[in-house]
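Listed below, chain by chain, are the residues.
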Amino acid sequence: MEQKNDLDLIRDHAKQRSDAICAMNQKLWAFAEPGYKEFKSSRALEEALEKEGFTLERGIGGIQTAFAATYGSGRPVIGITAEYDALPGLSQKKGVARKEAADGNTFGHGCGHCALGAGAAGAAVLVRDWLRDTGNSGTVVLFGTPAEETGYGKVFLARQHVFDGLDMLFTWHPSDRNSAMAGRCVGNLCARFDFEGISSHAALSPELGRSALDACELMNSGVNYLREHIISQARVHYAYLDAGGKAPNVVQSHASLLYFVRAPKNSQCREILSRVEDCAKGAALMTGTKVHMKIVGGLSDLIPNATAQQILSDAFLETGPADYDENDYATARAFLGILPDAQRREVIKQGASANHVSEEAFAERPLVTSITPFDRNLMNVSVPVSTDVGDVSYLVPQAQLSAATCIPGTAMHTWQHTAMVGSGIGGKAAVAAARAIAYACTKVYRNPSVCEKAKQELLAETGGIYQCPIPDDVTPADVITD
Ligand SMILES: [Zn+2]
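All of these numbers come straight from a predicted model, not from anything done at the bench.

Thresholds applied
- Residues numbered from 1 in each chain as written.
- Predicted model: local features only at pLDDT ≥ 70, side-chain atom pairs only at ≥ 80, totals over all residues.
- Buried ≥ 20, exposed ≤ 12 C-beta atoms within 10 Å, placed from the backbone.
- Helix = DSSP H or I, 4+ residues; strand = E, 2+ residues; numbered from the N terminus.
- Pairing = 2+ DSSP bridges.
- Axes fitted to C-alpha atoms, helices over the stretch in contact; angles between N-to-C directions.
- Contact = placed C-beta atoms within 7 Å.
- Expected span 1.5 Å × (residues − 1).
- Arc of directions from axis to C-beta.
- Domains from an automatic or database assignment.
- Nonpolar A, V, L, I, M, F, W, Y, C, P; charged D, E, K, R; others polar.
- Core = buried A, V, L, I, M, F, W, Y, C linked by C-beta atoms within 7 Å.
- Parallel < 35°, antiparallel > 145°, perpendicular 65-115°, else oblique.
- Left-handed = near helix turned anticlockwise from the far one by under 90°.

Trainee: I tried to follow the pairing of strand β10 (residues 187-196) on my own but got confused; where do I start?
Mentor: The buried fraction of β10 is high, at seven of 10 residues. Alignment of β10 against strand β12 (residues 254-263), held across 10 bridges, turns out to be antiparallel. Note that in β12 the partner of C190 across the bridge is F260. Relative to strand β13 (residues 290-299), β10 is paired through nine bridges, and the arrangement is antiparallel. Paired with F193 across the two strands is M293, which belongs to β13.

Okay, structure coming up:
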């Protein structure tokens, strides 16, 4: 009998397992749990992997909803990260092209982490099938990583050394396109500023009061001036955690702000945050109040790894895009139909060009099925968003792909994306991602020397130094998630 090649093996197993991956996507989508509270979601994934012969380690890094599932033996050891946290206020009925909350839950999978989790776990199972079929040496570890959205899950796990000892790591993210990602993401430091003043009657004895709210406003003004004198790639945002109460006739004795400082490198975030802190100190001095700053979160910038990314890109081009069916295209058409005319025309134009088909053909089947390969020239381009994969990227050579879980032009974190990713579209994209990641793993197992090359590349960038952006005394319990 003729021996099947690795691509055929992965494709065959993916076909057999595609229903299970789609079902897992829908299950996690329906759970839609907040960060660090993904109890049902993590359990569903743990049980599915345990059933396939993975060895489970639950509650890794001291986080209840984090886990590691391991299969195989020997090197290379390849990690795959799964996410499964949802977002507040994005509850939505699946596949329905009008805003309508699903029953019984206010959270929704606006970022598609249900598909991410199902696809990543699916990839690990496909790797297991391949290791068993071929008898090849190698280990796969599926990491269940909670609270990506606002909880810095992987940063806390990185600090607890759960990613140590890996040779390479792959993951993916839902998107409106299919691509092997190339660019960088910025680092982010999150700090709260608590001002303490003196309360007083604002009309009768204002001279006795010292306003914490005044201090916040002066601090924000100072930072608004500071923005002109920092690098243009940096972003500084703030929100009021506490505006001192609802009574204008009481001098506010307490007020708090939350700041995000984003920049291409962690060191730049630290430098800018220290200048933001100076604005806070100045505001406290001006108002006779006291201020206390505490860093409550942080994300490292994301370092792409050309070696790992090329392997994943090659694999994705060979395994191909999602196998959407006619139901998926009907769902996609419904969402295309609700767009304002000008936007719909633009989406059709862009999609037709991406798929190399006529505009009429794309309007009939409006999902992107072309794959944009890895482009080395984009490796130094930073997008102004942050991810907790950044911290992992300092420790292990990593690569990511994106697969289309929605019609082009759909923003993540919207009810439209929640609706589409919960339908068959999200499930099929998860299968496509699982297939590509699993096939990339087989390439690494077949040719382990690529791990050394990828590690040298990472070392040249970091010098082997990783500094966790979150201080030692800050735990997931201190993270502000609402
Ligand atoms: Zn996301």
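Trainee: Is there a simple way to think about the sheet that holds β12 in this case?
Mentor: Strands pair in a sheet through their backbones, by hydrogen bonds, and they do so in one of two ways: parallel or antiparallel. Strand order in the open sheet formed by four strands is β11-β12-β10-β13, with antiparallel pairing between adjacent strands. At either end of the open sheet lies a strand with only one pairing partner, and these are β11 (235-242) and β13. Within this sheet the neighbouring strands show an average axis-to-axis angle of 20 degrees, counted without direction. The strands touched by helix α5 (residues 212-226) within the sheet are β10, β11, β12 and β13, with β12 carrying the most contacts at an inclination of about 20 degrees.

Trainee: Help me understand the environment of A120, please; the structure alone is not making it clear to me.
Mentor: Locating A120 in the fold gives a position in helix α3 (residues 113-134). Spatially, the C-alpha atoms of A120 and F67 are 13 Å apart, while their sequence positions differ by 53 residues. Here A120 is in contact with I80, T81, A82, L142, T171 and W172, once residues within four sequence places are set aside.

Trainee: Would you mind going over helix α8 (residues 326-337) with me for this structure?
Mentor: For an α-helix, 3.6 residues make a turn, and residues three or four places apart therefore share a direction. Over its 12 residues, α8 extends 16 Å from the first C-alpha to the last, a length consistent with the 16 Å expected when each residue adds 1.5 Å. Within α8 the residues assigned to the buried category are D328, T331, A332, F335 and L336. Projected onto a plane normal to the axis of α8, the buried residues spread over an arc of 140 degrees and lie on a single side. Set apart from the buried face of α8 by more than 90 degrees, the exposed residues are E326 and G337. Along its buried surface, α8 packs onto α9 (341-355), α10 (359-364), α12 (415-421) and α13 (424-446).

Trainee: What exactly am I supposed to notice about α9 here?
Mentor: Over its 15 residues, α9 extends 21 Å from the first C-alpha to the last, a length consistent with the 21 Å expected when each residue adds 1.5 Å. Looking at the buried residues of α9, the elements they touch are α8 and α10.

Trainee: Would you take a moment to explain the sheet that holds strand β1 (residues 55-58) for this structure?
Mentor: The strand order across the open sheet formed by eight strands is β1-β2-β6-β3-β7-β16-β8-β14, and the pairing between neighbours is mixed. Each end of this open sheet is capped by a strand with a single partner; those strands are β1 and β14 (371-372). Of the pairings in the sheet, the one linking β1 to strand β2 (residues 67-73) comprises four bridges and is antiparallel in character. Paired with E57 across the strands is A68, a residue of β2.

Trainee: Would you take a moment to explain the domain arrangement of the protein chain for this structure?
Mentor: Many descriptions give the size of an interface as the accessible area lost when the pieces come together. Taken domain by domain, the protein chain holds domain 1 (6-185 + 301-462) and domain 2 (187-300). A separation of 37 Å is found between the C-alpha centroids of domain 1 and domain 2. Among the elements that line the side of domain 1 that touches domain 2, the one with the most residues is helix α11 (residues 389-395), at three residues. For the side of domain 1 that touches domain 2, a count of residues per class yields four nonpolar, four polar and four charged.

Trainee: Help me understand the nonpolar core, please; the structure alone is not making it clear to me.
Mentor: Taken as a class, soluble globular proteins show a tendency for nonpolar side chains to be buried jointly. Ranked by size, the top nonpolar core spans 146 residues in total, and within it A121, A124, L142, L312, A433 and I437 carry the most contacts. Each of domain 1 (6-185 + 301-462) and domain 2 (187-300) gives at least three residues to this core. Other than its neighbours up to four places away in sequence, I437 contacts I80, A123, F170 and W172.

Trainee: Would you mind showing me how to read the packing of helix α2 (residues 39-51) against α3 here?
Mentor: Two measures define how a pair of helices packs: the angle their axes make with one another and the distance between the axes. Direction vectors running N to C along α2 and α3 enclose 15 degrees, while the axes themselves pass 11 Å from each other. When the interaxial angle is binned, α2 and α3 end up roughly parallel. The handedness of the crossing between α2 and α3 is right-handed. Contacts from S41, L45, A48 and L49 in α2 reach G117, A121 and A124 in α3. In the contact of α2 with α3, the residues fall into five nonpolar, two polar and no charged.

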